[in-house]
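Given next are the chains, with one letter for each unit.
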Amino acid sequence: KPKTKRAKRFLEKREPKLTENTKIAMLIKGGNANLTVTEVLKDIYAVKKPFAVLYKKKNITRPFEDQTSLEFFSKKSDCSLFLFGSHNKKRPNNLIIGRMFDYHVLDMIELGIEKFVSLKDVKNNKCPEGTKPMLIFAGDVFDLNEEYRRLKSLLIDFFRGPTVPSIRLAGLEHVLHFTAADGKIYMRSYKVLLKKSGCKIPRIELEDIGPSLDLVMRRTHLASDDLYKLSLKQPKALKPKKKKNISHDAFGTTYGRIHMQKQDLSKLQTRKMKGLRKRPAEKSAEDAGGSPKKKKS
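What counts as what
Residues numbered from 1 in each chain as written. Predicted model: local features only at pLDDT ≥ 70, side-chain atom pairs only at ≥ 80, totals over all residues. Heavy atoms only, no water. UniProt positions renumbered as here; feature names shortened; annotations may be inferred. Helix = DSSP H or I, 4+ residues; strand = E, 2+ residues; numbered from the N terminus. Polar contact = N/O pair within 3.5 Å; in protein donor to acceptor, adjacent residues only side chain to side chain. Contact = heavy atoms within 4.5 Å. Phe/Tyr/Trp six-rings, centres within 6.5 Å; stacked < 30°, edge-to-face > 60°. Buried < 20%, exposed > 50% of the residue type's maximum accessible area, 1.4 Å probe, protein only. Patch = residues over 30% accessible without salt bridge, like charges linked within 9 Å, V, L, I, M, F, W, Y side chains within 5 Å. Areas by Shrake-Rupley, 256 points an atom, 1.4 Å probe, with all protein chains shown as cover. Salt bridge = Lys/Arg side-chain N within 4 Å of Asp/Glu carboxyl O. Axes fitted to C-alpha atoms, helices over the stretch in contact; angles between N-to-C directions. Nonpolar A, V, L, I, M, F, W, Y, C, P; charged D, E, K, R; others polar.

- Per an unreviewed UniProt entry, the chain is named Ribosome production factor 2 homolog, and its organism is Alectura lathami.
- Under the Sequence similarities (unreviewed entry) heading, UniProt states for the chain: "Belongs to the RPF2 family."
- Heading Subcellular location (unreviewed entry) of the UniProt record for the chain holds this comment: "Nucleus, Nucleolus".

## Digging into the UniProt feature "domain: Brix" (unreviewed entry) in the chain
Then, in step 1: Under the UniProt annotation, "domain: Brix" (unreviewed entry) lies at residues 23-226.
Then, in step 2: This span, residues 23-226, is 22% helix and 41% strand, and a straight line between its end C-alpha atoms measures 22 Å.

## Remarks on the side chain of Asn93
Then, in step 1: Structurally, Asn93 can be placed in the loop between strand S3 (81-86) and strand S4 (94-101).
Then, in step 2: Engagement of the side chain of Asn93 in a polar contact is seen with the side chain of Asn34, the distance being 2.8 Å.
Then, in step 3: Beyond its immediate stretch of four places on either side in the chain, Asn93 contacts Asn34, Thr36, Val37, Ser86, His87, Leu111, Gly112, Ile113 and Arg218.

## Considerations on the packing of aromatic side chains
Then, in step 1: Considering all chains together, one arrives at seven aromatic pairs under this definition.
Then, in step 2: Between Phe142 and Tyr148 the ring centres are 6.2 Å apart and the planes differ by 75 degrees, which places this aromatic pair in the edge-to-face class. Residues Phe142 and Tyr148 agree in their burial class; the two are buried.
Then, in step 3: Connected via pairs of aromatic rings, a cluster forms that spans Phe137, Phe142, Tyr148, Phe158, Phe159 and Phe178.

## A few points about a nonpolar patch on the surface
Then, in step 1: Taken together, the side chains of Leu169, Leu194, Ile204 and Leu206 make up a nonpolar region of the molecular surface, amounting to roughly 400 Å² of accessible area.
Then, in step 2: The residue Leu194 is located in strand S8 (residues 184-195) in this model.

## Brief notes about the packing of helix H2 (residues 35-48) against helix H5 (residues 146-159)
Then, in step 1: Put simply, H2 and H5 touch, their axes get as near as 10 Å, and they point 65 degrees apart. Side by side, H2 and H5 meet where Ile44, Val47 and Lys48 of the first sit next to Asp157, Phe158 and Phe159 of the second.
Then, in step 2: By residue class, the composition of the contact of H2 with H5 is four nonpolar, no polar and two charged.

## What about the pattern of salt bridges?
Oppositely charged side chains can pair when the atoms bearing their charge come close.
Then, in step 1: Tallied over the entire structure, the rule returns 16 salt bridges.
Then, in step 2: Arg99 is the salt-bridge partner of Asp107, the closest N and O atoms lying 2.9 Å from each other. As far as the burial class goes, Asp107 and Arg99 line up, both buried.
Then, in step 3: Of the charged contacts, one joins Arg149 and Glu146 as a salt bridge, the two residues approaching to 2.4 Å between their closest N and O atoms. One end of the pair, Arg149, and the other, Glu146, are both in helix H5, three residues apart, so they sit about a helical turn from each other.

Here is the structure:
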């Protein structure tokens, strides 16, 4: 039990919620990280800010052999995403991207850096900090291969940013493009420039702002199907309630069925007019149960 109000607020923030907070990523250097890996972690931290935590000290750990240190850091900093950078002779310029479920490693994919262009090397204007990027994935392998499909889901989780209720056109200024071809993954970062076009819709141009990475997939650690389905489970309160007797056609038109009791039209209240009033003869005939006799002329 918390002993202070500060500790109580801290625990309340970590309690499960119907609408979870924006996922935070932790970026960790391995015990033998070189300059390239360090620069990559710094640049991805700059893209991910403010939803990221960068650990500057080196941590001697091997995520594929022992995951306890990653789980400890995840619980300490309340992070559900991680990026681990390391370098050795067997696996040079190595990145391990992964995510947590209940402070335990769910998915983990190892990527090798073959080419890297830093943010500092590109002398163009950058996007403001905290800009929500647009994610584009090119390549059939992202839909055909299970490992690449899980990598796509992992990259979306890592870079998607906060959930926003509305979008403005000027806010769509950062694009992250991932291309899978020839066994490699190409990551490119662009700034969207809205130019004059002579009409309401502006002309769009893309300007490279960095970082640029050429990656190759190495080892993978994927969750089982049962655990993966459990991690995707949503609470019942968030699921939309089904509305009965409502259907939609191919054009989006909504049709509804209304159930009503049989109406007695004789008791229907109509507009009172002198011409619609019943004559005394008609009233007496209705009371007697017969129709009024017509008078002979």
